[in-house]
Amino acid sequence: MRTISVFTLLLLWLPIFAQGNTSAKTVTNGEVWLDTSGNPINAHGGGILYHDGKYYWYGEYKKGKTILPEWATWECYRTDVTGVGCYSSPDMVNWTFEGIVLPAVKDNPSHDLHPSKVLERPKVVYNAKTGKFVMWAHVESADYSKAAAGVAVSDSPTGPFEYLGSFRPNDAMSRDQTVFVDDDGKAYQFASSENNQTLYINELTDDYLRPTGRFTRNFIGMSREAPAVFKKDGKYYMISSGCTGWDPNNAELAMADSIMGPWKLVGDPCTGKDADKTFYAQSTYVQPVYGKKDLFIAMFDRWNKTDLENSRYVWLPISFKDGKITIPWRETWSIDEISGQN
Ligand code: GAL
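These numbers come from a predicted model, not from an experiment. (Residues numbered from 1 in each chain as written. Predicted model: local features only at pLDDT ≥ 70, side-chain atom pairs only at ≥ 80, totals over all residues. Heavy atoms only, no water.)

Draft legend 1. Summary view of unusual backbone geometry. For the peptide bond that leads from Gly159 to Pro160, omega is 0°, which places it in the cis range. By the secondary structure assignment, Pro160 is in the loop between β8 (148-154) and β9 (162-167). With an omega of 5°, the peptide bond running from Gly261 to Pro262 counts as cis. As for its placement among the helices and strands, Pro262 is situated in the loop between β16 (252-256) and β17 (264-267). Phi at Asp171 is positive, roughly 55°, even though this residue is not glycine. Counting through the fold element by element, Asp171 comes out in the loop between β9 and β10 (177-181). Here the phi dihedral of Thr278 falls at roughly 50°; this positive angle occurs in a residue that is not glycine. With respect to the element layout, Thr278 can be found in the loop between β18 (270-271) and β19 (282-288). (Helix = DSSP H or I, 4+ residues; strand = E, 2+ residues; numbered from the N terminus.)

Draft legend 2. Expanded view of the site of the ligand. In the vicinity of the ligand, the contacting residues are Trp74, Glu120, Arg121, Tyr144, Asp176, Glu225, Gly245, Trp246 and Gln282. Note that an oxygen atom of the ligand is positioned 3.2 Å from one of the backbone N or O atoms of Gly245. The contact in question runs from an oxygen atom of the ligand to an N or O atom on the side chain of Gln282, over 2.9 Å. Isolated, the ligand exposes 310 Å² of accessible area, and the fraction of that covered by the protein chains is 96%. Broken down by class, the residue content of the shell around the ligand amounts to three nonpolar, two polar and four charged. (Near = heavy atom within 4 Å. Polar contact = N/O pair within 3.5 Å; in protein donor to acceptor, adjacent residues only side chain to side chain. Areas by Shrake-Rupley, 256 points an atom, 1.4 Å probe, with all protein chains shown as cover. Nonpolar A, V, L, I, M, F, W, Y, C, P; charged D, E, K, R; others polar.)

Draft legend 3. Examining the layout of surface pockets more closely. Space inside the largest pocket adds up to approximately 830 Å³. Lining the largest pocket are 39 residues, and of these Phe180, Val181, Asp182, Asp183 and Tyr290 lie nearest its centre. Put simply, the parts of the chain that give the lining of the largest pocket at least two residues each are β2 (44-51), β6 (118-127), β10, β14 (225-232) and β19. In terms of residue class, the lining of the largest pocket is made up of 22 nonpolar, six polar and 11 charged. (1 Å grid on protein atoms, 1.4 Å probe; cavity = no way out; pocket = protein on both sides within 12 Å on 5 of 7 lines; lining within 4 Å. Points joined across faces, edges and corners; volume = space filled by probe spheres on them.)

Draft legend 4. Layout of the pattern of salt bridges. Tallied over the full model, the rule gives 20 salt bridges. A salt bridge links Asp182 to Lys231; the nearest nitrogen and oxygen atoms lie 2.8 Å apart. Of this pair, Asp182 sits in the loop between β10 and β11 (187-193) while Lys231 sits in strand β14, and the two are 49 residues apart along the sequence. Accessibility expressed as a relative area gives 8% for Asp182, which makes it buried. In this structure, the salt-bridge partner of Asp257 is Lys235, at a minimum N-O distance of 2.7 Å. Of this pair, Asp257 sits in the loop between β16 and β17 while Lys235 sits in strand β15 (residues 235-241), and the two are 22 residues apart along the sequence. For Asp257, a relative accessible area of 60% gives the class exposed. A network of salt bridges, in which partner residues are shared, links Lys129, Lys186, Glu203, Asp206 and Arg214. (Salt bridge = Lys/Arg side-chain N within 4 Å of Asp/Glu carboxyl O. Buried < 20%, exposed > 50% of the residue type's maximum accessible area, 1.4 Å probe, protein only.)

Structural data, given as structure tokens:
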């Protein structure tokens, strides 16, 4: 009989533990996730676009030192703006870096994308009418007083994106934000407004570049942030966080029959270890997995406020078991072995 050494046995097991291995289909929450070149994935506050059979993950490319300005009266930790990074994947687990698709503008200190500013929560959607990829992001001054939305467009999901400028949608503040395209092709921006106290849903024009002027005020005075929206079986759902800066708090799920509301908070969907702190993370997006019935992945950021580049990701399948919507904690799970009924 051939003998196998302990070393060979260890080697055989290696791919199961390796992140970034092209055959691995395992998500390990809170660990450093590597891209297909072996570099840490840098895409915070991100969102995903599914286009032509591929997933594109866009996020804040946070590089370099985390700074707390001398004048800070609260924990407005930031890194210099580097830009929005993009990764592509055939399977939502193995990600290839596609580059910085909206880079910082280094030579103009008053530009929204100058390194001295803040760029957060980019989301990209595809407009079938114009054939353009449209990015919305939260653009900020270092003291977070600007509270505006920036818009950029591209002909390709991997950029380059052309920055069109920023504004306050419907003349209201716009901080934590996401964009959602409904089945009828209409798009909406969801943004924490009125000093983060009230969440606005702003209907967008057919080209997705501006608000139409139609909007609703939701969760008035309830300070909901970090909206992540999805639709299942004709109903709309939103995961959001409370408002405690980079520190974690508990999540809430909300439901609506109509996208502009009324929205109703229905409780904290998180269960298991550290559920009351959203697993020490904060919502950013929900992405359905195509070809897998009822599989929706809730994406969260586990912020490291004094070293923001080193913030981690927590991705969890949403469970729809027995008609109840929960997000159970899982340290590790495999995309091949899971469905929304788990
Ligand atoms: C959080 C927000 C983050 C970032 C941070 C700054 O509440 O969700 O995206 O803006 O505040 O303190």
